[in-house]
Amino acid sequence: MTYIDQTTEEPVVRAVSPPSSQIGPVAWVRKNLFSSIPNTLLTLVALFLLWKLIPPLLDWLLFSATFSGSGPEACKATTGACWTLVGVKHRFMLFGFYTYEEQWRPAIATIVLLALICGSGYPRFWGKPLALAWLIGLPLFCVLMWGGVLGMPMVETDKWGGLPLTVVLAAVGIVVSFPFGVVLALGRRSTLPAIRTVSTLYIELIRGVPLISVLFMASVMFPLFLPEGVTINKLLRAQVGIILFTAAYQAETVRGGLQALPKGQYEAADALGLSYWQKTLLIVLPQSLKLVIPSLVNQFISTFKDTSLVLIIGLYDFLTTSRTAVADPAWQPFYVEAYAFAAIVYFAFCFSMSRYSQFLERRLGAQGRR
Amino acid sequence: MTNTAAAAPATSNEPIISFEEVNKWYGQFHALRNINLAIAHGEKVVLLGPSGSGKSTLIRCINRLEEHQAGRIIVDGTELKGDVKAIERIRRDVGMVFQSFNLFPHLTILDNLTLAPRWVKKMPKREAEELAMMYLERVRIPEQALKYPAQLSGGQQQRVAIARSLCMKPKIMLFDEPTSALDPEMVKEVLDVMIELANEGMTMMCVTHEMSFARAVADRAIFMAEGSIVEVDTPHELFSNPKNERTKQFLGQILGH
């Protein structure tokens, strides 16, 4: 009885739906994967490659991997990854040579800094409370990292390393170089020849050399010009090098946005009697920066990864500490795991930035368009 | 009505805008040739002429969106020279409406209107918003105040642009082909606002080919060609009884004779 009821009902349901050849998973597969002979071939090749790649990769990463143990001997028999390495060495990978007993401090400091950065990302939070949060958070970060007060032993910057170092170099690099880059971009478009020439020279000179040489100059050559007895912290020099370098690239990205803005916007602002800075801050930058969000974030991601080059002047960023963790001969066979771990962490950061960029574009793009 | 100076409701004998032997070049191209022109307080002038004749350039020189290279332009007693502060002061008193509206797309209609009063005149936010709403009422779109420009029709956008200029309480309004970018059915709503404004005694210079508008409000019509002022007369005389050959030819073309 039930069976007959269902079959009699079915034509009624079908009558109100589009033809089954147009909807449903089968139609989707036909339309997107097998619409033509070349498309079908490509689908088959892709499926074959996935079948060849994914199972062994998952097997190495997870199914045959070793997660427990306290030393390299735990992984003797395994055919998969030896995550024991991360279990045993993660403190060194994350914090480098920072005093072992005090490593809770960089951990909290990094979380504070990341929380501030994430909070600043939401347009909803933009305003006075956020400025206040930075005014508290940034000194808190410094106090935790350096110590020397409140019973926390002092930890010099040459002991800083690992993820906190990478995050601080990238975050300060991005945050400080950005306004500097905007000023350079405006300078390059200035009507005053002196400002234009200086900006152009700066951008072209810095863009013309690799970051490694900028860092090398900051670290090796710059101290030669200082009077005797005066030293500037190595970390600070690297940080300044990264800022100066990144700013030149940011400037060209921002300039692209300035040029893409219709001339009428400049004229309307002029005609209303706005001053140069009012025009720039209220009309020009809000629109042109929005236009270049994808390239700006691209540059941010690049800067984040470029911080690994501070290795050249003897700073232990996260990639270097990960690599150094397998310097021990017993662990050396597992260097792939060290790099894989570093790659996963880098990916998490960079992918977050990329997703954030898309969020911001949607959020700001919602205005002014229907 | 043939005497144009008498037609203008003069509040002062000094002209509010005067051009003396003004010349301008774009590279080698001679854009304005020996322009001499005086506009009285409250006078309404329309400029017409073929494209490239210099009419837009002429009115854009008044608020120095374009720079002239020879001669003198005096606006409300101040000569336009390199002085940035003087130029900003003149721009406060000279409103401009563009062919392509040029509203700020990242700001709401209300913010478009309050921007200049708040930042240039340092008016408190609330006062600026009341002023803005008053002008939005006058151009008959107060209900659009919280929308963004892209959500409005072309005619509505141009009316917002007029209101935005009026919020600065200008002494002079410049219109650079205000209806040329509009769909035909939207031209009237913009012209109606402009006619109202003219009837209130605003000094206006308008680049337009809208004959009906010119006849309704203009004290003088100026015909330009190749950077020179060719003929100046009342709109009625200029349209129905042009003296110059080029004027005749041009009017013949746009009237479709």
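Keep in mind that this is a model prediction, so the values were computed, not measured.

### With respect to the overall build of chain A
Tallying secondary structure elements over chain A gives 15 helices and one strand in all. For chain A, whose C-alpha radius of gyration is 27 Å, the value lies well above the compact-globule estimate of 21 Å for 370 residues. Expressed along its principal axes, the backbone C-alpha trace of chain A runs to roughly 100 × 75 × 45 Å. Classification of the 370 residues of chain A by burial places 41% in the buried group. Within the structure as shown, chain A displays about 21,100 Å² of accessible surface, and the carbon and sulfur contribution to it stands at 70%. Each charge class in chain A can be summarised by its mean position, and for the 28 positive and 19 negative side chains these summaries are 10 Å apart.

### Let's talk about the packing of aromatic side chains
Going through the model one piece at a time under the given rule, you end up with 17 aromatic pairs over all chains. Ring centres 6.2 Å apart and planes at 50 degrees place the aromatic pair Phe48 of chain A and Trp51 of chain A in the tilted group. Of this pair, Phe48 of chain A and Trp51 of chain A both sit in helix α3 (residues 37-63), separated by three residues, roughly a single helical turn. For Phe48 of chain A, a relative accessible area of 46% puts it in the partly exposed group. Cluster of aromatic residues (ring-pair linked, three or more members): Phe304, Phe318, Phe341, Tyr346 and Phe349 of chain A. Taking NZ or CZ as reference, Lys24 of chain B lies 4.7 Å from the ring centre of Tyr26 of chain B, over its face. Between Arg164 of chain B and the ring centre of Phe104 of chain B, over which it is positioned, the NZ or CZ distance is 4.5 Å.

### What to know about the packing of helix α7 (residues 162-188) of chain A against helix α12 (residues 276-291) of chain A
All names here are of chain A. Contact geometry of α7 with α12 gives a least axis separation of 13 Å together with a crossing angle of 110 degrees. Considering their axes alone, α7 and α12 lie roughly perpendicular with respect to each other. Remark: the crossing between α7 and α12 carries right-handed chirality. Across the interface between the two elements, Phe178, Val182 and Leu186 of α7 pack against Tyr276, Trp277, Thr280, Leu285 and Leu289 of α12.

### Focus: the interface of chain A and chain B
Each partner contributes to the interface: chain A provides 22 residues, whereas chain B provides 24 residues. Carbon and sulfur atoms supply 61% of the area buried between chain A and chain B, which totals about 2,100 Å² over both sides. The interface formed by chain A and chain B includes two salt bridges. At the boundary of chain A and chain B, one finds six residue pairs in polar contact (both at pLDDT 80 or more). Of all the secondary structure elements, the ones that give two or more residues to the side of chain A that touches chain B are α11 (263-271) and α12 of chain A. Broken down by element, the residue count for the side of chain A that touches chain B peaks at eight residues, all from α11 of chain A. Classifying every residue of the side of chain A that touches chain B gives nine nonpolar, eight polar and five charged.

### Let's talk about the sheet that holds strand β4 (residues 70-75) of chain B
Residue and element names in this part refer to chain B. Taken in spatial order, the four strands of this open sheet run β2-β1-β4-β5, and their pairing is antiparallel. On the outer flanks of this sheet lie β2 (29-39) and β5 (78-79), each paired with one strand and no other. The sheet contact formed by β4 and β5 spans two bridges and is antiparallel. Bridging across to β5, Val75 finds its partner in Thr78. Strands in contact with helix α2 (residues 55-62) are β1 (17-26), β2 and β4; relative to β1, the strand with the most contacts, it is inclined by about 120 degrees.

### Comments concerning the pattern of salt bridges
In this structure the tally under the stated criterion is 26 salt bridges over all chains. Across the salt bridge formed by Arg60 of chain B and Glu267 of chain A, the nearest N and O atoms sit 2.6 Å from each other. Residue Arg60 of chain B is located in helix α2, and its partner Glu267 of chain A is located in helix α11; the two belong to separate chains. There is no split in this pair, since Arg60 of chain B and Glu267 of chain A are both buried. Here Arg64 of chain B makes a salt bridge to Glu67 of chain B, at a shortest N to O gap of 3.6 Å. Here Arg64 of chain B falls in the buried class, since its relative accessible area comes to 13%. Put simply, Arg188, Glu204, Arg207, Glu252 and Arg255 of chain A are held in one network by salt bridges that share partners.

Calculation criteria
For every chain, the first residue of the written sequence is number 1, and numbering continues from 1 onward in sequence order. All chains are assigned letters beginning with A, and all ligands numbers beginning with 1, in the order in which they are written. Thresholds applied to this predicted model are a pLDDT of at least 70 for local features of residues and 80 or more for the giving and counting of side-chain atom pairs; totals over whole chains, interfaces and linings are not thresholded and use all residues. Water and hydrogen atoms play no part in the side-chain values, which are based on all heavy atoms of the structure. Secondary structure is summarised from DSSP: a helix means a run of H or I of at least four residues, a strand means a run of E of at least two, and numbering begins at the N terminus for each. Based on C-alpha atoms, the radius of gyration is set beside the globule rule, defined as 2.2 Å times the residue count to the power 0.38. When accessible area is computed with a 1.4 Å probe and restricted to protein chains, residues below 20% of their type maximum are described as buried, those above 50% as exposed, and intermediate ones as partly exposed. Residue exposure ignores everything except the shown protein chains as possible cover, and the areas themselves are Shrake-Rupley values with a 1.4 Å probe. When charges are counted, Lys and Arg contribute as positive and Asp and Glu as negative, whereas His and the chain ends are disregarded. Working definition for charges: the position is that of NZ of Lys, CZ of Arg, CG of Asp or CD of Glu. Two rings belonging to Phe, Tyr or Trp (six-membered ring only in the last case) form a pair when the distance between their centres is within 6.5 Å. Interplanar angles under 30 degrees mark stacking, angles over 60 mark edge-to-face geometry, and anything in between is tilted. Note on criteria: charge over ring means Lys NZ or Arg CZ within 6 Å of the ring centre, with the direction from the centre no more than 35 degrees off the ring normal. Every axis corresponds to a line fitted to the C-alpha atoms, with the helix fit spanning only the stretch in contact, and the corresponding angles, defined between N-to-C directions, vary from 0 to 180 degrees. If an angle is under 35 degrees, it is roughly parallel; if it is over 145, roughly antiparallel; if it lies from 65 to 115, roughly perpendicular; otherwise it is oblique. With the far helix as reference, a near helix turned anticlockwise by less than a right angle produces a left-handed crossing, and one turned clockwise produces a right-handed crossing. Residue contacts are defined here by distance: any two heavy atoms, one from each residue, within 4.5 Å place the two residues in contact. Summed over both partners, the accessible surface that disappears when two parts come together, traced with a 1.4 Å probe, is what is meant by buried area. Throughout this description, the term salt bridge denotes a Lys or Arg side-chain nitrogen within 4 Å of a carboxyl oxygen of Asp or Glu. For this analysis, a polar contact is any N or O atom pair within 3.5 Å, provided that within protein one partner can donate a hydrogen and the other can accept it, and provided that sequence-adjacent residues contribute only side-chain to side-chain pairs. Gly is placed with the polar residues, together with every amino acid not listed as nonpolar (Ala, Val, Leu, Ile, Met, Phe, Trp, Tyr, Cys and Pro) or charged (Asp, Glu, Lys and Arg). Strand pairing follows a simple DSSP-based rule, namely that at least 2 bridges must link the two strands.

Interpretation note: all reported values are geometric properties and have no functional meaning in isolation.
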